[in-house]
Amino acid sequence: MELETIGRNIRKFRQMQKLRQEDLAEKAGLSVNYIGALERGEKYPSLETFIVIANVLNVTSDMLLADLLTTGYQIKNTILDEKINSLSAHDRERMKFGT
């Protein structure tokens, strides 16, 4: 398992929000050196730290674990498909066209 993917995803979402490592470190109560080590895959966060980082970045855990999980989005898609299929044909059509 390539756990350094977690660090790459942390970097990706940090950059998407235009945050510097210093900004993320400050908001998460961590050191800049630690954030850098996480992003390089040299260190792995504890569960508590992982949750703090996810909350600061306003992302879900499966977004940070993407490429490591095999079923997260499949389960969500299945649930969504079930809910959509339970709608009437008229309501499904309205969803399709946003009316």
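Quick look at the structure, then. Predicted model, so just to flag it, every value in this text is computed and none were measured. (Residues numbered from 1 in each chain as written. Predicted model: local features only at pLDDT ≥ 70, side-chain atom pairs only at ≥ 80, totals over all residues. Heavy atoms only, no water.)

Here we look at the pattern of salt bridges
Phase 1 of the analysis: Evaluation of the coordinates by the stated rule reveals 5 salt bridges.
Phase 2 of the analysis: Arg11 is paired through a salt bridge with Glu39; the nearest N and O atoms lie 3.4 Å apart. Linking Arg11 in helix 1 (residues 4-16) with Glu39 in helix 3 (residues 32-39), this pair joins segments that are 28 residues apart in sequence.
Phase 3 of the analysis: Its relative accessible area of 26% is what places Arg11 among the partly exposed residues.
Phase 4 of the analysis: For Glu39, a relative accessible area of 2% puts it in the buried group.
Phase 5 of the analysis: One continuous salt-bridge network, built from bridges that share partners, spans Arg11, Arg14 and Glu39. (Salt bridge = Lys/Arg side-chain N within 4 Å of Asp/Glu carboxyl O. Helix = DSSP H or I, 4+ residues; strand = E, 2+ residues; numbered from the N terminus. Buried < 20%, exposed > 50% of the residue type's maximum accessible area, 1.4 Å probe, protein only.)

Side note on the nonpolar core
Phase 1 of the analysis: Grouped together as the largest cluster of nonpolar side chains are 16 residues, with contacts concentrated most on Ile10, Leu24, Ile35, Ile53, Leu57, Val59 and Leu64.
Phase 2 of the analysis: For this core, the secondary structure elements donating two or more residues are helix 1, helix 2 (21-28), helix 3 and helix 4 (47-57).
Phase 3 of the analysis: Considering each element in turn, this core owes the most residues, 5 residues, to helix 4. (Core = buried A, V, L, I, M, F, W, Y, C linked by side-chain atoms within 4.5 Å.)

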